[in-house]
Every structure is written in structure tokens, then in C-alpha cells.
Amino acid sequence: MTRAVLVTGARGKTGREVTARLRRSGILVRAGSTQPARMPATGTDPVRFDWHDQATWREAATAVDAIYLMRPDLPAAPELVAGLIEVNPDAHVVLLSEQGAETLSPDHWARRVEDAVVTRAASWTLLRPSWFHQVLTDPRFYRDAIRDDHVLSLPSGGAPIAWVDARDIADVAVAVLSAPEEHHDQAYTITGPEPVPVASVAQELSARLGHQIRAEDPAPQATLHGLDPWTAGILDDLYRRVRHGGFGEVAGAVKQITGREPTSIREFIDAHLDEWRTSPMPVP
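Residues numbered from 1 in each chain as written. Predicted model: local features only at pLDDT ≥ 70, side-chain atom pairs only at ≥ 80, totals over all residues. Heavy atoms only, no water.

Visitor: What should I look at first to understand helix H4 (residues 109–118) in this one?
Guide: Three- or four-residue spacings in an α-helix give side chains the same orientation, since the helix completes a turn every 3.6 residues. For H4, every residue scored as buried is listed here: Trp109, Ala110, Val113, Glu114, Ala116 and Val117. Buried residues in H4, looked at end-on, bunch into an arc of 155°, giving them a common side. (Buried < 20%, exposed > 50% of the residue type's maximum accessible area, 1.4 Å probe, protein only. Helix = DSSP H or I, 4+ residues; strand = E, 2+ residues; numbered from the N terminus. Arc of directions from axis to C-beta.)

Below, the structure written as C-alpha cells:
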């Protein structure tokens, strides 16, 4: 029985949702964050966890039954993940990976992170989600361009994406963390209910916001200017896989594990319209 779970990235898109759900289910959450003071203390055990500081790992990972492991977007991620698992190799590890990771070459960064888990953890489950709905409302990604410039720009080559809600991913993760023996050594591709091209997402936004959101399909290189070589390489590979349909296949894991249909992109847009509405100018 799962009594305590370490959630790495507890303030992230899925981490905060997993933390909240585990807390409601009565499981002790060791909420790992570089800024634990910003975590809600009620029902959780906020703990400092920093991928750049291995001294924080032992306190965070010792004496937990399971780990929700948000993959760090760092060049050394395979080695870092391996090191964390070695702190508590008996914990059931639920890794947040990405759709299609199993199709990548053995030396690919994402594949090597998965291998670090499956070759070291005594028990594991891999979650392979498609693109999150939440990138549309995140100011670090597409929110501001949609809201301020009325543009959704993504180098997809017109290929559809099986967008998935982070809350659906969290529901699957919590089901796995609560009963790891039922999901031992399993890999689940997690998607929304249908593949939707970027142009169709822009059309849905336009219809509900009452003004046109223009879909743009730039060349990948146009979006990589100014990035460090490692990040640029990761994104270039990601966009290539999008254009070749690597994120368009629909899978049934949400329904299979939670018993309900996944959230559609239309439902997500309807629930978040205020995120893309320009705030009115103050009256002088």
C-alpha cells in the first residue's frame, strides 16, 4: 500500500495536480521543489529538491513508497534520474516521459531517461503524454501571443496533435501511484480524445473569443534563434516528430485507467477563455 510519495517538480503543470489529488486521497505527499516555502503546507510535507544539488535528494527520496518523477529538461537528465533512483531503488517510480519515446533511437536523450528508470527501479510505470493543453495558457509558451497578437504559431507542418489535459495525466498518475502493483512495468501513452491540427485549435479559439486567431506554421529554424545548442536540438527534434505525425496518434489510457473520457481541446478552451482575453484599459 502506498503511504508516502515524493513528487518532483511539485509546482509544475502535472506536479501540482498530482500533489493535490494525492493529498485529497490521504497519501502523504513529500512535495519536492526548489522553493518549498511556496508549497501549501496543509496535507503535504514540503521539501527542498533540486536537480542541481544532489545533497537535497536523500532527504526527499528516503522513506517514500513511490516517486512521481518529472523528467528534468537538462542534458544530464539520464544520469541525474539514475542517481535519484539509486537513493531509493525500491520505490515505485512513475516517470513522466513523452509520447513516442519508445520509437526513438537508443542514444536519444528521452529514451535514455526511460532506460535509466527501467534498468534501476525495482518497480516502475512510464507515462508518455502528448502535448499538454496547458501550453496554450502558459505565458512561457503560447498564451501571450494568442492574447496579445492573436497568433498561434507552431511548426507542425499541418500535422495533428492529440492534445491532452495535464489534469487527465494527473488522474492517471495518481491511479498508478495509489496501486502500483496493478501497473508494474507498464507504459501508457496518454492523449486527448482526438488529433487536432494547430489550424483547428486556432479556429476554435477564434469562434469562442469572437475575433480571429491566426494559425502560423513557421519553419522550425525560425523558432530556435537565440537558444542554446542543446535546447535548440531538443526542440528541432520535437518539431520534426510533430510534422511526421509522432504526436497525432490517439491512445485510450485515460479511459482505461480512470473510467472516463479525456478532456477535449474544445472543453479546455471553453473553460479558459479569460486567459486569452485582453484586459480592458483602465478608465483615466
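Visitor: Please clarify how the pattern of salt bridges should be interpreted in this entry.
Guide: One side chain can pair with another of opposite charge once the charged atoms of both are near each other. In the structure shown here, the tally under the stated rule is 28 salt bridges. We note a salt bridge from Arg128 to Glu114, for which the minimum N-O separation is 2.7 Å. Of the two residues, Arg128 is situated in strand E6 (residues 123–129) and Glu114 in helix H4; the sequence distance between them amounts to 14 residues. Grouping residues by exposure puts Arg128 and Glu114 together as buried. A network of salt bridges, in which partner residues are shared, links Glu17, Arg21, Asp168, Asp171 and Arg260. (Salt bridge = Lys/Arg side-chain N within 4 Å of Asp/Glu carboxyl O.)

Visitor: Explain the pairing of strand E5 (residues 92–96) to me, please; I cannot follow it from the model alone.
Guide: Consecutive residues of a regular strand have side chains that alternate between opposite faces of the sheet. In terms of burial, E5 is largely enclosed, as five of its five residues are buried. The alternating pattern of E5 places His92, Val94 and Leu96 and Val93 and Leu95 on opposite faces, both of which are buried. Across five bridges, strand E4 (residues 66–70) lies against E5 in parallel orientation. Looking at E5, one finds that Ala66 is bridged to His92. Regarding topology, helix H3 (residues 77–87) serves as the crossover connection from E4 to the parallel E5, and that connection is right-handed. When E5 meets E6, the two strands line up parallel, connected through five bridges. Across the sheet, residue Leu95 finds its bridge partner in E6, namely Leu126. For the crossover that starts at E5, traverses H4 and ends in the parallel E6, the hand is right-handed. (Pairing = 2+ DSSP bridges. Right-handed = clockwise from strand over helix to strand, strands pointing away.)

Visitor: What am I meant to see in helix H8 (residues 229–243) here?
Guide: The terminal C-alpha atoms of H8 lie 21 Å apart, and with 15 residues this matches the ideal 21 Å at 1.5 Å per residue to within 8%. Among the residues of H8, Ala232, Asp237, Leu238, Tyr239, Arg241 and Val242 are the ones counted as buried. At the N-terminal end of H8, a side-chain oxygen is found 3.1 Å from the backbone nitrogen of Trp230, two or three residues along, and the residue is Asp228. Positioned one or two residues after H8, Gly245 has a phi angle of 85°, which is positive. (Expected span 1.5 Å × (residues − 1). Polar contact = N/O pair within 3.5 Å; in protein donor to acceptor, adjacent residues only side chain to side chain.)

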